[in-house]
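These are the residues of each chain, in order.
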Amino acid sequence: MIWDRWRKGLERTREALGARLRGVGRGAQREEVLDAVEEALLTADCGLTVAGGVRRALERRAPDDMPQAFQEAMLRIAGPAEPLRWAEEGPTVWVLVGVNGAGKTTTVGKLAMMAKGLGRSVVIAAADTYRAAATDQVAVWAERAGAEIVRGAERQDPASVAFQAIERAKAKGAGLVLVDTAGRLHNRQGLLDELGKLVRATGRALYGAPHEVLLVVDGATGQNAVAQAQGFMGAAPLTGVCVTKLDGAAKGGSLLAVREALSLPVKLVGLGEGIEDLVAFSPEEYVQAIAPNWAEIGSGS
Ligand code: GDP
């Protein structure tokens, strides 16, 4: 059940929020409750803008409306769900970018599995030609997901690996090409330029590609995720974000910080290390999974 994954993955965040609010107790003054909500959101790494925004939304509402107002404010920030984009015909190409360790390779594996479940055959472009170990890691995931892998030679231009993978997908009629790129720092211009080149190469290999350029960010890095996203935005035309490791810490609010800071939809969420622990982002399920149990909390008089 996907809902169970949401609840389990965001358990620590929900508990952290609830613990701070329960500390307030019944009969507390309204200001006290509002302070606690704001602090709780900061603890969960929502960032100052989001925490302040939710507080202001609650201030305008009657105390009894608090749970409802909280839900609405959080949903507004989380933004509408936007599905991943598929090509109308021919192969679909999704490129995954991000800093080292963000979870790109793992996400490529999970996406390959997801696509397999949809009956689409997958070609993975192992475009990280800097580290042989990275390619080996993708190969393990590819095998589990029954995907074909196109590897580059050491130091081969990553753009040409992506190009080859798309050619291969066209030749065999595959449904999806996943391009796993090398991790790079968001402030290293040379590497960012290389990424721009790779994205353009996919468009030359296939008209309309890429259909997604997904920035993978580690949700546990909180505010740093925002800086990363801003760096990458200049290098490639990002179409969405995948926030990973929301299960890792009580920092599940970082998703909102990223969403608020960038005008990019969150499309995917990583809720664990397993191959099935990737879910399409659903604002409703996300907000419900972290919402504290208001019945235990004083709503302020
Ligand atoms: P890459 O360098 O961006 O390709 O990152 P990797 O895919 O190698 O992932 C780095 C580490 O993060 C690995 O240990 C993964 O198992 C772990 N990881 C990736 N996604 C998730 C997630 O959603 N939850 C958790 N808990 N760990 C994850």
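Criteria and thresholds
Numbers given to residues run from 1 along each chain, matching the order in which its sequence is written. Side-chain atom pairs in this predicted model are given and counted only at pLDDT of 80 or more, local residue features only at pLDDT of at least 70, and totals for whole chains, interfaces and linings cover all residues. As a rule here, side-chain values come from all non-hydrogen atoms in the structure, and water together with hydrogens is ignored. Residues belong to one nonpolar core when they are buried, are Ala, Val, Leu, Ile, Met, Phe, Trp, Tyr or Cys, and are joined through side-chain atoms within 4.5 Å. Only protein chains enter the accessibility calculation, which uses a 1.4 Å probe. A residue is then buried if its area is under 20% of the maximum for its type, exposed if over 50%, and partly exposed in between. The criterion used for residue contact is that any of the two residues' heavy atoms lie within 4.5 Å. By convention here, the domain bounds are inherited from an automatic or database domain assignment. Throughout, buried area stands for the accessible area (probe radius 1.4 Å) lost by two parts on being put together, summed over both. Within this document, salt bridges are pairs made up of a side-chain nitrogen of Lys or Arg and a carboxyl oxygen of Asp or Glu, the two lying within 4 Å of each other. Where helices and strands are cited, they refer to DSSP runs of H or I of at least four residues and of E of at least two residues respectively, numbered from the N terminus. Under this grouping Gly is polar, as are all residues other than the nonpolar Ala, Val, Leu, Ile, Met, Phe, Trp, Tyr, Cys and Pro and the charged Asp, Glu, Lys and Arg. Stacked, tilted and edge-to-face are the three classes assigned to paired rings of Phe, Tyr and Trp, where Trp is represented by its six-membered ring and a pair needs centres within 6.5 Å; plane angles under 30 degrees give stacked, over 60 edge-to-face, the rest tilted. In this text, near means that some heavy atom of the residue lies within 4 Å of the molecule or strand in question. Side-chain atoms alone can form a polar contact between residues adjacent in sequence; in general such a contact is a pair of N or O atoms within 3.5 Å, and within protein one must be able to donate a hydrogen while the other accepts it. For accessible areas, the Shrake-Rupley method is used with a probe of radius 1.4 Å. Any residue's cover is judged against the shown protein chains and nothing else. Here, a strand pair is defined by DSSP locating no fewer than two bridges between the strands. Here the term right-handed applies to a crossover when the path leading from its first strand over the helix to its second strand runs clockwise, the strands being oriented away from the viewer. The span one expects for a helix is its residue count, reduced by one, times 1.5 Å. Arc, as used here, means the arc of the directions from the helix axis to the C-beta atoms.

Peer 1: So, the nonpolar core: which residues are in play, and what are the values?
Peer 2: The biggest cluster of nonpolar side chains holds 101 residues, and the ones touching the most others in it are Leu 178 and Tyr 286. Residue contacts for Leu 178: discarding those within four places in its chain leaves Trp 94, Leu 96, Val 108, Leu 111, Ala 112, Val 122, Val 123, Ile 124 and Ala 125.

Peer 1: I'd like to hear about the domain arrangement of the chain, residue by residue, with values.
Peer 2: In terms of domain boundaries, the chain breaks down into domain 1 (2–81 + 287–296) and domain 2 (92–281). The distance between the C-alpha centroids of domain 1 and domain 2 comes to 31 Å. With 21 residues of domain 1 in contact, the opposing surface of domain 2 contributes 22 residues. Buried area between domain 1 and domain 2, summed over both chains or domains, comes out near 1900 Å², and the portion from carbon and sulfur atoms is 62%. If you look at where domain 1 meets domain 2, you find three salt bridges. Arg 5 is the partner of Asp 277 in a salt bridge, and the nearest nitrogen-oxygen pair spans 3.9 Å. Among the secondary structure elements, those contributing two or more residues to the side of domain 1 that touches domain 2 are α1 (2–9), α2 (11–22), α4 (48–59) and α5 (66–78). Ranked by residues supplied to the side of domain 1 that touches domain 2, first place goes to α1 with four residues. Counted by class, the side of domain 1 that touches domain 2 contains 12 nonpolar, six polar and three charged residues.

Peer 1: Any details on the packing of aromatic side chains? Residues and values, ideally.
Peer 2: Taken as a whole and assessed by the stated rule, the structure comprises five aromatic pairs. Between the aromatic rings of Trp 6 and Tyr 286, the centroid separation amounts to 6.5 Å while the plane-to-plane angle is 65°, which identifies the pairing as edge-to-face. Pair noted here: Trp 6 is in helix α1 and Tyr 286 is in helix α12 (residues 283–290), with a separation of 280 residues, a long-range link. In this structure Trp 6 comes out as buried when scored by relative accessible area, which is 0%. Within the aromatic cluster, the residues linked to one another by ring pairs are Trp 6, Phe 281 and Tyr 286.

Peer 1: Break down the pattern of salt bridges for me, with residues and values.
Peer 2: The final tally for this structure, using the stated rule, is 17 salt bridges. Between Glu 38 and Arg 55 there is a salt bridge, and its shortest N-O distance comes to 2.8 Å. Separated by 17 residues along the polypeptide, Glu 38 in helix α3 (residues 30–43) and Arg 55 in helix α4 bring together distant segments of the chain. Under the relative-accessibility criterion, Glu 38 is labelled partly exposed at 21%. Exposure remark for Arg 55: the relative accessible area of 12% places this residue in the buried category. Across the pair Arg 55 and Glu 59 runs a salt bridge whose closest N-O atoms are separated by 3.2 Å. Here Arg 55 pairs with Glu 59, and both are found in helix α4, just four residues apart, close to one helical turn.

Peer 1: I'd love a proper account of the site of the ligand, names of residues and values included.
Peer 2: Close contacts around the ligand come from 17 residues, with Gly 101, Lys 104, Thr 106, Asp 247 and Glu 273 the closest. Interatomic distance of 3.2 Å between a backbone N/O atom of Gly 272 and an oxygen atom of the ligand. Contact with the protein chains removes 81% of the 590 Å² of surface that the ligand exposes when unbound. Broken down by element, the shell around the ligand gets its largest block of residues, four residues, from helix α6 (residues 104–117). In terms of residue class, the shell around the ligand is built from three nonpolar, nine polar and five charged.

Peer 1: Lay out the pairing of strand β2 (residues 122–127) with the relevant residues and their values.
Peer 2: Along β2, six of the six residues are buried, which leaves the element largely enclosed by surrounding structure. Here β2 shows a buried face lined by Val 122, Ile 124 and Ala 126 and a second buried face lined by Val 123, Ala 125 and Ala 127. Here six bridges tie β2 to strand β4 (residues 176–181), and the two strands are oriented parallel to one another. Residue Ala 125 lies in a different strand from β4, and its bridge partner there is Val 179. Sheet topology note: the β2/strand β3 (residues 148–151) ladder contains four bridges and is parallel. Residue pairing for β3: Val 123 is matched across the bridge by Glu 148. Assessed by its sense of winding, the connection that carries the chain from β2 through helix α7 (residues 132–145) to β3 is right-handed.

Peer 1: Can you explain α5? Please cite residues and give values.
Peer 2: With 13 residues, α5 ought to run about 18 Å at 1.5 Å a step, and its terminal C-alpha atoms sit 18 Å apart, in line with that. For α5, every residue scored as buried is listed here: Met 66, Ala 69, Phe 70, Ala 73, Met 74 and Ala 78. One side of α5 carries all its buried residues, which in axial view fall inside an arc of 165°. Next to the buried residues of α5 lie α3, α4, α11 (254–261) and α12. Backbone geometry just after α5 places Gly 79 at a positive phi near 80°.

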